[in-house]
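Residue-level listing of the chains:
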Amino acid sequence: MNCKWIYVFILFIRIGDTADDEGNEIANHKAWEFLDTFDCGFNFADRIIGGLNAAPKQFPWITRLGFSTREEKELDWMCGGALLSDRHVITAAHCVVTSIEAKLVTIRMGEYDTRTNPDCQLNKCAPPVQDRGIKTIISHPNFNKPAFHNDIAVIVLDEPVEMNDYVIPICLPREEQLRQYLELGEKLMVAGWGKMNMTTDERAKILQYVTVPVLKLEMCNTFGKRFTLAESEICAGAQENKDACGGDSGGPLMKVFDTPDGPKSFLVGVVSFGPTICGIRKPGVYTSIKFFLIWILDNLI
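Everything numeric here is computed off the predicted structure, so don't read it as measured data.

Outline the sheet that holds strand β3 (residues 76–83), listing residues and values.
Strands sit in the order β8-β5-β2-β3-β4-β10-β9 across an open sheet of 7 strands; the sheet is antiparallel. Strands at the two margins of the open sheet, each flanked by one partner only, are β8 (130–132) and β9 (134–139). Ignoring strand direction, the axes of neighbouring strands in this sheet form an average angle of 35 degrees. For strand β2 (residues 62–69) and β3, the ladder comprises 6 bridges, and the chain directions are antiparallel. The residue of β3 that forms the bridge with T63 is G81.

Break down the pattern of salt bridges for me, with residues and values.
In total, this model carries 9 salt bridges according to the counting rule given. Residue R174 pairs with D36 through a salt bridge whose shortest N-O separation is 2.3 Å. One salt bridge connects R115 with D113, and the closest N-O pair in it is separated by 3.0 Å. In this structure D113 comes out as buried when scored by relative accessible area, which is 11%. Here the salt bridges do not stand alone but share partners, grouping R64, R108, E111 and D131 into one network.

Could you give an account of a negative patch on the surface, with specific residues and numbers?
Taken together, D20, D21, E22, E25 and D298 make up a surface patch of like negative charges. Sort the elements by how many residues they give to the negative patch and helix α1 (residues 3–27) lands first, with 4 residues. With respect to the helices and strands, the residue D21 is situated in helix α1.

Please provide a residue-by-residue account of the pairing of strand β10 (residues 153–157), values included.
Judged by how many residues are buried, β10 sits mostly within the fold: 5 of 5 residues are covered. Residues A153, I155 and L157 point to one face of β10 and V154 and V156 to the other, with burial holding for every one of them. Pairing of strand β4 (residues 88–91) with β10 involves 4 bridges; the strand directions are antiparallel. Considered in β10, the bridge of T91 is made with A153. In this structure, β9 lies alongside β10, joined through 5 bridges in antiparallel fashion. The residue of β10 that forms the bridge with I134 is L157.

Account for the packing of aromatic side chains, naming residues and giving values.
With the rule as written, the count across this model stands at 5 aromatic pairs. Consider the rings of F59 and W61, whose centres lie 6.4 Å apart with planes at 75 degrees: the pair is edge-to-face. Both residues of the pair, F59 and W61, count as buried. With a centroid separation of 5.3 Å and 90 degrees between ring planes, the pair formed by F257 and F266 is classed as edge-to-face. In this arrangement the basic side chain of R64 is found over the ring face of W193, its NZ or CZ atom lying 5.2 Å from the centre.

Residues and numbers for the pairing of strand β14 (residues 252–259), please.
In terms of residue burial, β14 counts as a mostly covered element, since 6 of its 8 residues are buried. Inspection of the sheet shows strand β11 (residues 187–192) paired to β14 by 2 bridges, in the antiparallel sense. Opposite M189, over in β14, you have M254 as the bridge partner. By the bridge criterion, 8 bridges tie β14 to strand β15 (residues 262–273) in an arrangement that is antiparallel. Within β15, the position partnered with M254 by the bridge is L267. Between β14 and β15, which pair antiparallel and follow one another directly, the connecting turn spans 2 residues.

Hey, could you go over the state of the cysteines for me, with residue numbers and the actual values?
Disulfides are covalent bonds that link the sulfur atoms of two cysteine residues. Considering all chains together, one arrives at 4 disulfides under this definition. Through a disulfide, C120 is tied to C125; the S-S separation comes to 1.8 Å. Taking the sign of the torsion about the S-S bond as the criterion, the disulfide between C120 and C125, at about 105 degrees, is right-handed. According to the relative accessible area criterion, C120 is partly exposed, its value standing at 43%. Owing to a relative accessible area of 42%, C125 belongs among the partly exposed residues under this scheme.

Parameters at a glance
Residues numbered from 1 in each chain as written. Predicted model: local features only at pLDDT ≥ 70, side-chain atom pairs only at ≥ 80, totals over all residues. Heavy atoms only, no water. Pairing = 2+ DSSP bridges. Helix = DSSP H or I, 4+ residues; strand = E, 2+ residues; numbered from the N terminus. Axes fitted to C-alpha atoms, helices over the stretch in contact; angles between N-to-C directions. Salt bridge = Lys/Arg side-chain N within 4 Å of Asp/Glu carboxyl O. Buried < 20%, exposed > 50% of the residue type's maximum accessible area, 1.4 Å probe, protein only. Patch = residues over 30% accessible without salt bridge, like charges linked within 9 Å, V, L, I, M, F, W, Y side chains within 5 Å. Areas by Shrake-Rupley, 256 points an atom, 1.4 Å probe, with all protein chains shown as cover. Lys, Arg positive; Asp, Glu negative; His and termini not counted. Charge placed at Lys NZ, Arg CZ, Asp CG, Glu CD. Phe/Tyr/Trp six-rings, centres within 6.5 Å; stacked < 30°, edge-to-face > 60°. Lys NZ or Arg CZ within 6 Å of the ring centre and 35° of its normal. Disulfide = S-S within 2.5 Å.

Written out as structure tokens, the structure reads:
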């Protein structure tokens, strides 16, 4: 047999073995025992640019990240995140970088309308929002190596949150979801309280959501000559006037999968970055959960 083909055959076996090993490591990870103690991914719902008002309880895993700044007396809610358990939040690594100008100090759960606490509709009120301090911030060790890549972090809260219909974790994908992960053109969902206007700093008062289509990776190779999207990222969007924007960073990119318990929302990405002007026909970049799943699970136990 030709030596070249022997080498290719051996390489194929090694790649296959590596994929199987990683699949087994994910399926048998100890963190699932901890996550299985929570019901995840359900919503009990009866501007993102071009977005729609969410319904109360539609995205009960959405969190807000509050920063203390030198300029503002009140907290500035500059990023989002998603609840993974009663004490873990996932967000973008660039959201947790501490600077002199802004320091992350608070995580808020159970928010819907930022003007009211508690939120009430039709004489029915939600429980008050739950604010928690930060015990630990775990940024991916390769964040920004190279620049703009590996943009993911896990935050450990100083106290567990109380679960209710308005505060529920989102699901992490398992073997079944990973096999049918993402397809080009399918619509995913993003939510947050980011900018609603392309020309001002006005942020949403009511939680917004929008759907964005999955695109080829090369569609996002437009953020500088040296930037190339990695397989550990998702390119999505490019619909005029529909986009994640400033203040949505770190928030969840979501997909609904059918499960034996019914449809559930799963976390498939984290909002990383996009064009300077939101809502133009230029896609955004999302950190892919699939490629960081073992790292995430390792940091939940």
